[in-house]
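# Structural description and commentary
Listed here are the chains, written in short residue letters.
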Protein chains: 2
Amino acid sequence: MFSKMATTVHTPFVLLLFQIGVFSLPVSQTPQESPTCGYKSCHAIKPGMLNVHLVPHTHDDVGWLKTVDQYFYGARNDIQHAGVQYILDSVVDQLLKNPDRRFIYVETAFFYRWWKRQSGDMQDTVKQLVDEGRLEFVNGGWCMSDEATTHYSAVVDQMTIGLRFLNDTFGPCGRPRVAWHIDPFGHAREHASVFAQMGYDGFFFGRLDYQDRSRRKASREQEMVWRASESLVPPVADLFTGILPNGYNPPEGFCWDQLCDDPPIRDDPDLEDYNVEDVVSKFLTVAQEQAKVYKTNHIIMTMGSDFQYENANLWYKNLDKLIRYVNQKQVNGSNIHVLYSTPSCYLQELHRANLSWTVKRDDFFPYADAAHDFWTGYFTSRPALKRYERISNSYLQICNQMEVLGGPTSRNGSFGVGNSDTMKKAMAVAQHHDAVSGTEKQHVADDYARRLANGWTQCQVLVSNTLAALSGSSAPRVYCEHLNISVCPLTESSSKFSVNVYNPLARPVGWSVRLPVNGTAYAVTDSSGNAVDCQVVPVSQATVVVRRDRGYAVNELLFQVRAPPMGYSTYSVSLLQKGPPPASPFPRAPKDIQNKFLKVTFDPETGLLSSLSNLETQQTVRLSQNFYWYNASDGNNKDSKQMSGAYIFRPNSSTTFIISKTAKIETVQNSVVQEVRQWFSPWVSQVVRLYADSRVLELEWTVGPVPIGDNMGKEVITRFDTSINSSGIFYTDSNGREVLQRRKDYRPTWTLTQTEPVAGNYYPINSRAYIKDEKDQLTVVTDRSQGGGSIQDGSLEIMLHRRLLHDDVRGVGEPLNEASDLYPEGLVVRGRLLLSLNPPAVAANTHRPLAQEVVLQPLITFTEGLLPPNTRPEFSGLQTALPPAVHLLTVSQWDPDLVLLRLEHQYEARDSKEHSQPVTVNLQKLFATLDVLGVSEMNLSANQWKHEMTRLDWKVDSGEKPLPKTKGDPSVWEVTLKPMEIRTFLLRVRLR
Amino acid sequence: MFSKMATTVHTPFVLLLFQIGVFSLPVSQTPQESPTCGYKSCHAIKPGMLNVHLVPHTHDDVGWLKTVDQYFYGARNDIQHAGVQYILDSVVDQLLKNPDRRFIYVETAFFYRWWKRQSGDMQDTVKQLVDEGRLEFVNGGWCMSDEATTHYSAVVDQMTIGLRFLNDTFGPCGRPRVAWHIDPFGHAREHASVFAQMGYDGFFFGRLDYQDRSRRKASREQEMVWRASESLVPPVADLFTGILPNGYNPPEGFCWDQLCDDPPIRDDPDLEDYNVEDVVSKFLTVAQEQAKVYKTNHIIMTMGSDFQYENANLWYKNLDKLIRYVNQKQVNGSNIHVLYSTPSCYLQELHRANLSWTVKRDDFFPYADAAHDFWTGYFTSRPALKRYERISNSYLQICNQMEVLGGPTSRNGSFGVGNSDTMKKAMAVAQHHDAVSGTEKQHVADDYARRLANGWTQCQVLVSNTLAALSGSSAPRVYCEHLNISVCPLTESSSKFSVNVYNPLARPVGWSVRLPVNGTAYAVTDSSGNAVDCQVVPVSQATVVVRRDRGYAVNELLFQVRAPPMGYSTYSVSLLQKGPPPASPFPRAPKDIQNKFLKVTFDPETGLLSSLSNLETQQTVRLSQNFYWYNASDGNNKDSKQMSGAYIFRPNSSTTFIISKTAKIETVQNSVVQEVRQWFSPWVSQVVRLYADSRVLELEWTVGPVPIGDNMGKEVITRFDTSINSSGIFYTDSNGREVLQRRKDYRPTWTLTQTEPVAGNYYPINSRAYIKDEKDQLTVVTDRSQGGGSIQDGSLEIMLHRRLLHDDVRGVGEPLNEASDLYPEGLVVRGRLLLSLNPPAVAANTHRPLAQEVVLQPLITFTEGLLPPNTRPEFSGLQTALPPAVHLLTVSQWDPDLVLLRLEHQYEARDSKEHSQPVTVNLQKLFATLDVLGVSEMNLSANQWKHEMTRLDWKVDSGEKPLPKTKGDPSVWEVTLKPMEIRTFLLRVRLR
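Residues numbered from 1 in each chain as written. Chains lettered and ligands numbered in written order. Predicted model: local features only at pLDDT ≥ 70, side-chain atom pairs only at ≥ 80, totals over all residues. Heavy atoms only, no water.

- In the nomenclature of an unreviewed UniProt entry, chain A corresponds to Alpha-mannosidase from the organism Esox lucius.
- Heading Sequence similarities (unreviewed entry) of the UniProt record for chain A holds this comment: "Belongs to the glycosyl hydrolase 38 family."
- Per UniProt, chain A carries the Catalytic activity (unreviewed entry) text "Hydrolysis of terminal, non-reducing alpha-D-mannose residues in alpha-D-mannosides." (UniProt positions renumbered as here; feature names shortened; annotations may be inferred.)

## Focus: the interface of chain B and chain A
- At the junction of the two partners, chain B supplies 42 residues and chain A supplies 42 residues.
- A buried area of about 3,500 Å², summed over both sides, lies between chain B and chain A, and 42% of it is on carbon and sulfur atoms.
- When the buried area of chain B at its contact with chain A is split by residue, Tyr73(B), Leu271(B) and Glu272(B) rank highest and sum to 19% of it.
- At the boundary of chain B and chain A, one finds 14 salt bridges.
- Two residues, Asp270(B) and Lys116(A), come together in a salt bridge whose shortest N-O distance is 2.7 Å.
- For the side of chain B that touches chain A, the secondary-structure elements that each account for two or more residues are α2 (68-73), α3 (84-97), α10 (312-328) and α15 (442-471) of chain B.
- Residue composition of the side of chain B that touches chain A, grouped by class: ten nonpolar, eleven polar and 21 charged. (Contact = heavy atoms within 4.5 Å. Buried area = accessible area lost by both parts, 1.4 Å probe. Salt bridge = Lys/Arg side-chain N within 4 Å of Asp/Glu carboxyl O. Helix = DSSP H or I, 4+ residues; strand = E, 2+ residues; numbered from the N terminus. Nonpolar A, V, L, I, M, F, W, Y, C, P; charged D, E, K, R; others polar.)

## Some remarks on the side chain of Asn139(A)
Residue and element names in this part refer to chain A.
- Within the element layout of this structure, asparagine 139 appears in the loop between β3 (135-137) and α6 (152-170).
- Look at asparagine 139 and you get buried, because its relative accessible area is 0%.
- Within the structure, asparagine 139 has its side chain in polar contact with the backbone nitrogen of tryptophan 180 (distance 2.8 Å). (Buried < 20%, exposed > 50% of the residue type's maximum accessible area, 1.4 Å probe, protein only. Polar contact = N/O pair within 3.5 Å; in protein donor to acceptor, adjacent residues only side chain to side chain.)

## Here we look at the packing of aromatic side chains
- For the coordinates displayed, the defined rule picks out 96 aromatic pairs over all chains.
- Measuring from centroid to centroid gives 6.2 Å for Trp256(B) and Trp315(B), while their planes differ by 80°, and the two rings are edge-to-face. Within this pair, whereas Trp256(B) is found in the loop between β7 (238-243) and α9 (276-291), its partner Trp315(B) is found in helix α10, the two being separated by 59 residues in sequence.
- Taking relative accessible area as the criterion, Trp315(B) reaches 0% and is therefore assigned buried.
- Pairing Trp629(B) with Phe657(B) gives two aromatic rings, centres 4.6 Å apart and planes at 25°, and the pair type is stacked. Of this pair, Trp629(B) sits in strand β25 (residues 619-631) while Phe657(B) sits in strand β26 (residues 657-658), and the two are 28 residues apart along the sequence.
- Of the residues examined, Trp629(B) reaches a relative accessible area of 10% and is grouped as buried.
- Under the relative-accessibility criterion, Phe657(B) is labelled partly exposed at 33%.
- Counting every residue linked through ring pairs, the aromatic cluster contains Tyr105(A), Phe111(A), Tyr112(A), Trp114(A), Trp115(A), Phe137(A), Trp142(A), Phe165(A) and Phe170(A).
- A cation sits over an aromatic face here: Lys714(B) above Trp629(B), 4.8 Å from the ring centre.
- The residue whose ring lies beneath Arg743(B) is Tyr746(B), and the NZ or CZ to ring-centre distance is 4.7 Å. (Phe/Tyr/Trp six-rings, centres within 6.5 Å; stacked < 30°, edge-to-face > 60°. Lys NZ or Arg CZ within 6 Å of the ring centre and 35° of its normal.)

## Brief notes about the nonpolar core
- In this structure, Leu54(B), Phe111(B), Val126(B), Trp180(B), Tyr309(B), Leu322(B) and Leu697(B) are the most contacted members of the largest nonpolar core, which totals 185 residues.
- Among the elements that make up this core, the one with the highest residue count is helix α6 (residues 152-170) of chain B (nine residues). (Core = buried A, V, L, I, M, F, W, Y, C linked by side-chain atoms within 4.5 Å.)

## A look at the relation of the copies chain B and chain A
- The two copies are related by a screw motion: chain B maps onto chain A through a turn of 179° and a shift of 0.0 Å along the axis, at an RMSD of 0.1 Å. This pairing of chains is accounted for by a two-fold axis. Taking C-alpha positions as reference, the residue of chain B nearest the rotation axis is Asn311(B), located at 2.8 Å.
- When the interface residues of chain B are mapped onto chain A, 100% of them again fall at the interface, so both copies present the same face. (Least-squares fit on C-alpha atoms with pLDDT ≥ 70 in both.)

Shown next, in the form of C-alpha cells:
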C-alpha cells in the first residue's frame, strides 16, 4: 500500500499527525473534495471595468487602551467601546444572511478565545463559512506583531501558534494567504522575509512615511515586490507588498460602523433625506480618484477599522445597498463594478494582471506621518517591559526545550503540573504592536508583564520537573529572578547551595554569574568537583538604589560558569568561615583596565572612557561615552504642536543636555572581573565591566527615576563618540537577524526632505548596531530593543529611557510617565550594552554568537545544601555541539510524539568568510536523549508541508530573473543550511 | 346562516372588513386556534420565591435630538448614536436565538417604517414571534404621546393609527394589553381615561414627583388603580397603574447595551477578571432592595433605555448568563427567581396576587425631579409649534370629513391626487412627548412643522376635490394660511372673489373673518345672495410687525360668517369703487366697549382693562390685565444650579417684571367689531376685541422677538387680576376634556413641601382654565396648550412665550432660543385668549362649545371671481345638527366602504344642569349624503369589538364596589351618550 505522498489536502493537525506517520510509512489516500475557499471562492469581477474590492474587516488590538481580555469581553467600555466577543458573534450572524458577504479575521488570540466558548453547532456553522471562503483568515498570527521592537524568534513563535490553531481547527481553508500588518508603525524587512518563508502570497499594510507615500502615489508604486533578504536566494524572501489606500479605514464618508457617524444609505423614498443618488455619486468619484494612484483596474477599500463590526448589521446592510445601487448604474454606462472581496481575492487579480512590479530592498523605517511626527520614540518606550519581554523569550525557549527533554514528566512530575502554553500565549500576546512596542496604557503594560510572569510560573514547574528527571534529584529548585538587582534570598542566607546553569544554545557557553551573598569568602566547585576561581566584591551602590525595600545582600560572589550545549552543569558553593571582608572599591578610576583580549582606558580628569583596544587584532579607537538627555517637545513650537509621547520622539531641539561632565568613580579589580563604577547623578550610573575571559566590554547602565520636577520630559541617551570615520553611515539589525545600512538624512527609495535632524535619523535597534570604517568596527549588542542613531560621524547614540509629560495624540491618551503605585517616583531601569571592536570583515564572528547569547541566556537555578549523591551534575541534550554557524532556533513539543525543530544559519551571506558557508546537520544524530523516527519539512510557520508551499510568482522590473526553484534536500536526515536560512521540521521522536 | 357574532378571533382588519359584513349579515365561523401570545405566553414563575421580571425594551423617541427619520435610519449619529432600523433588525435576530427571550416594542411610527421594508420571509418570522408572545407590542400608538400639551382628540387619533397598523398586521396577538408611558414628564388623568377606554389592562410609567415617589415607596403604593374620570362610571375609566422602579432604566450596574459601560459577565475562568460571583451577588442585593418598596413577590426590571438594543446581542448574551447564574443559586437556597418577561406578564402576576389597591383620582402634574426642578416650562415651550399642531388637528379633522363626504373623488379628483394619511401621520408624530411638548432641538421642531405642512398640502388637494364635487364648481381653491398676520395675496389683489367657510362641527357656527385687502370698501353677500354687514379697518400695526418682508395689505375686511353643521356656506365679496378710506383708529382708549352680551371697561390712565361685565347675567368683576416676565434662572443660585430650559421653568425669583405699566392705545369701533389695540413695548402688543354678536371677549396677543440683549432669559406671562375670591384654587382641563381642581401649594395625595412658589404651582392648560367663587367664574379658553397658575387669589396667569439662554440639562442640549435663519432676531408669536364671565353653574354651557370651536375652527378657502352658475353655495353633511351636548369627534374613512365615527358627550356630569344629561343620536339618520348600512361598536381606539373588550378587574381599597357592567346598547342605531362618554363605531356606508 505504499505510494508517493501526494496529499493535497492536509489539515487539522489531528490529520497531520497521521500524515507524519505517512512520511515514514506512506499509505495511499483518496484526496477529499476541495472546499471552495481561498482564491476559488472569489466573486466574479468585470474585466472591462474598474473593480472595487470592498473588504469588510475589523482591527482588534491584542491589548492597547484595555487589556486583551477586557477587549475580548467588552469590559471597561468607559475607556474605549470595544468587545471582540460581540464582533465575532455579529459577523457570523451577518455572513449567514447573505452568501455574497465576506469578512476577514486577523488576530487568533481573540478568535481562539471566542471559538472555545461556542457550541458545536456554531463551530460547524463557522467551519462552513470558512470552507466557502465567506469568512477568511488573513495574517492569522496570535497577534499582529510590532515590527520595530520585536525579535524574529518571538515573531516566528507567535505566528506559529496562531496559524497552528487555524490549521488544527479549519484545515487548509483556515490557512491565510495574505499577511496583513495594517497598523504597525513602520515595517521591518525581516518581517517581510519571515512572511515570505511562511508561504504568504502577499502582504498589505497601512502606514508608511508620508513623503514615501506621496511619491509612490504619484508614480503608482504603492504595490511592489519586497526582496526582503540579501542572503536568501530570490524568490525565497520575495514578498508582494501593497500599501492600502486609506491606512486601514474606509474612504471618508463611507464608514457605517456603530463607532462612525457617516450617513447611512436612506433608500426609502417615503422618508426624508433619501440619499441614494448622493451616496452613489460620491462613491464613484472616490473610486475613480483612488484608481489614479494604483496600477491595475482593481482597487481595494478596507471597510472597517479598530474594533468595528461589533454590530456588523450596520456595515453589511449599507454595503449591500451600496453594491446594489452602484452596480445598478452600469445600465446607464457606469464603468465601475463593486464587489465584496478579501485581500487574497484582490491579490489574485493583481497577480492575474501580469504586470512587472518594482523591487523594494530596504525597509519602511522610520515612519513619519507628518514633518515633525516621527514615530521613533516607541523604539525605546517602556525599556523595562522591553527587557522583560526579551528575557521571557529566553525563558520560553528553555521551557520548550525542557518540555522536549523531560517528556511527559515535564508537564506532570515531582513538582506538580506545569506547562509551556501559558508562556507561549503570554509571549505571543506581548508581540502585539501595542505591547512590546511600549505604546499601551500603563495598566495594560502591567497586564502584559503579569501574563509573562504567570507564564514563567507555569514554566518553572515544568523546568523543575525536567531538571529533577534529568539530574535524578528532586531537591526543590529555587528561581532567583532578581539577580540583576542582587536579590536572591537563598544565596544571601545559605552556607551551602548548588547552582545549576542551563544553556539553551547549541554550543557550550561560558557565563559570569554574580550572586548576592552576605558572606565574605566562598569556595566554588564545578560539576567535576574542581575548584573554580571566585571573588567576593561589595554590592555596587547603584544596585542598592534600585532595590528599594527588599532585604539585600552586602556582597556579590562572582565566578565563571560553563554549560554544555542544550544542557546544564552544576556548581557547588560553600561559605568559608571567617574570610576577610572584600576589599573596598578603589575610589578613583584606573588609567586602564584590561584582560588578554581588550584594553579600556579612562580619562583621569572625568572618569569617562577614553579608548578601546582589541589586543588580539591590535586595533584601538578613541572612545568616549557619556549620558545625555533630549528635552522632549511639549508642543510649544512654531513648526508644529507635536509633542513627544509613547509613539513619537520629538526633541524640542537637537541639543543634548549632558547629565554630568564627570563621573564619581569606584574601581574593583580582581582575578574574575575588573569594574569601574561611574556615578553621573543620583539617577544615572554605570558599571564598566571586563570579565577575565571575555572579548566583550560590558556597560551596565542604571537610569531612573528620571526627574521631571523641572517640568521637562526627558529622553535619555548614551552616546559613544569615536575616531571611526563612519561617513554618515551606521548599521542596525532588523528584528535581530539581517543588518541594514542606515545613512544620515537619506532614504534609499526617495529624495528625503529631512525635517527632524535627530528623530528623523533614528532607527530601531533590536539586538545590535555598529559603526565602521575600513579598519575598525565598533559593535554594540543590546539586551532589548532600543532606538538609536548616528547623528555625527563616528558617533553612535542609543536611547535608554524616556519619561514624558504629554500624550502624543496617537490614541493612547496617557503621557509615558511610568510612575505607578509600585514606583511612585518613576521607574528605574537597568541594562547592558556589550561592546566589541573588530576589523569589519570578521566582526560578525563576534557579534553573531554574542547576540544569540544575550537573547538566549543561561537559566540559573539553585538548590539548598549539598547535591544529593547520584545527582547527575552535567547534562547535554545534544550528541554534539552544532557547528558555529547553526543556531538552534526552536526545539518545542508539538504533540505527544512530535517535536518542532528549527535550525537557522545565523550568518548573512556577506558576514564572514569563515562562517557564511553552507553547513550540514544530521537530524538523526542531533539529540542525545531522543530517537528521531521520522521527519517532515515544513514552511517556517509549520502550517504547511514545505513541498506543498507553492506561492504566487511575481514579475519584477529589476531586470533580474529569480533563480529556478531548487528541489528539496534529497537526503532526509542531512539538512544543509545556507546563510540566513531557517529550516523547520516536525520530528517524530521517542525518548530514549 | 345567521348566527350571533361570537367571533373571539378578530384580527387583521382585512378580516375585520369581512366581520363588519358579518354584523349586518352574520355567518357562522369556526374559531381559529388561538396563538399562545399575551398572557398565555408568559414564562412560569416560582410561587414561593421573589420573581424578578426582566423586561428587555428600547425607548425610541419619535424625534427629539434628531428627526424621526434620522432616528429610524441612524443618520446624524454625530448628534446621538441611534438607529431604529438596526434595533428591530437586531432584536428579531436575537429573539430567534433563544425562545426564552422576550422583547417589547412600543412606537408604531418606527415599527411601521421598518416593517414595510422587510421581505415576506422576515414578515412571517416576525409574525411567528408575535404569535408566540416573544415579541410583544405595548402601548402601540404611533408614538408615546406627551401628556401635558396634547389634546385628547389628537391622542385618540395617533393611538388609533398605531393600533390599527398592529391589528391589520398581526391580529389579536398584536393588540397591546399594557399602556406604557415610561418617559413623559408627568401624567394626565385624561390619558389614563382614554387608555382605559381603549381596553388596556394596565399602565406603567417612569416619571413622577420625587416627593410623591418617596412617599409611595415608603408605603408600597407604587402600584394603584387610577380612577380617571369623575363622570364615567367605574370601572370604565379605571386603569391599573404602576410606577417603574428605575424610571425606565436597568438597575445600576446592569446595563449591557452598547451605549453603556457596565462590565459584561465574564464567565470564562481561563481569562482574567472572572466576575460571575460578583455580578450575581450584586443582583441579588438589588432585587431584595427593590422588593422592599413593592407589594407582591413579583418585581419588574426594565432592561433597556433610550435607543438601546441596536446590538441586542450584548444585552441578551449577558441577560442569558444572568438568568442562568442567578437561578443556579437556588440549589444553594437562594429565594430569587429571574425570568424573561413583559409588562403584561408582570401585570398578570400582580392581578393574580388578588390584592386591594389604593385609588388615585387626581393626576401626576406637575412633575419635579428635585426641589428646584419643576418640569413646568414645557407646558409653554415653543408656543408657535404648539399652535401649529393644534390648528393642524383642525385641518386633519376637516380633511377626514372631506374624505368621507367626497368619497373616492376626494383622493383622486379634479385637482389631482391627495390623501389624509400624510397629515394623519404628521399629526401622530407631532403628539410625541418631545414634539408638541417643545422639548426637541430646533432642527427637529422645524421637521415636525414641515411634516404638518406636507400633510396639509396633501389635504388641500383632497379638500379641493371634495369641495369641487360637493359644490359642482371646479374653480381653483386658494388657501390662505397666513390670515393671522393679514397675508392673503388673492384677497389683497382681487376685486371679486368668493369665500367658502367649512365648519367641521356638528352644529351651525358663526365666525368672524378678517381678510387682508387693499381696497377701502367692499360688498359682501351670503349664500342666499343677501347682503352682509362688513367693515374695512386699517391693519393693526402689531400685525405689520410680524409680517416682515411679505407684500402686505393696508386694510382688513371684516364680516361675520355662518356655516351649517359639517358643511359649508359661501360668501361673495366685491370691491366697491372709490369708497372712502377707512377711518383712522382713535388714538385713545374708550371708557368702555360693549355689545349686547358683554361690557369691558378700561382704565383711562393706563389703557388697561379694568372690568368685565356679563350684561345678560348682570354680573361684573374687576379685571385688570397686563404682561410680565420672569427672569429665567441662569443657575447662579444658592439653592440649586438648575436653569430654566425647554423642560424646566425656574424663575430666578417669584418677582415678575412688568413690560409696561401703561399701554399705547388705538381704538377701532364699527358695526362689526370694537377693538382696543394696546402697545406695551416694541415686542408686546394686544388687541382687545369684541365682535358684535359674541359672548366672548377676544384678547389677541403678540409677543416677540423677546429681547435677550440684557443676557436675561425671559418667561413672558399675561396675568388677569380679578375681584373673584378664588381661595387658592383654580381649574385646568386635562388634555382638553375633564377639568381638575388645582390648589395652591397642595397635592391631593401627599403633604407637599413647596420649594418653588411659582413653578411648583404651574399646571398644563390645554384648552381652558378658570377661577371662580360662588358667584362669578372667569374662564379663559386658549388656542393652544400653555402653562399657567394662580399664584395669588383672584389671579390667573398664563405663560405665553419663553426665550432662554441656557440648556436645562435634561438632554436636549440647546437653550430654548427659537432664533434661526428664518427669524434671526427671535420668534414672534401671536395667539388668542377668549374670556367669558358666567355664573359657575352655567359656565360650561359657554366654555364647552367655545373650546370646541377653537379646536375645530372653520376652514376658509377662496376662489377668484364670481361663483360660476350652478355652483352649490351651501352644503351640510348632516341631516340635522347634533344635540348641543354631542361632539362629532371623528368622522374618518376607514376603508373603501367603512367610516370610523366617534360621538362624544362633551359635558362632564357636574358641568351643567341643562347639558349634563344622557342624549341619544340615531346613526342611520346622521348623514345627509351617506346611507349607513351597518354598524359595529368598537373600543375607543377601534382595534377591538366593544363587546369583546374584557379587561382585568382590579380590587380597590376605597370601599366602593364597581357597578356591574352594563350590557351594550340594545338598539343598533340609537346611540345614547352619557356625560363624557365617547362611543366609537365602524359604519358600513354608501355614498348616496
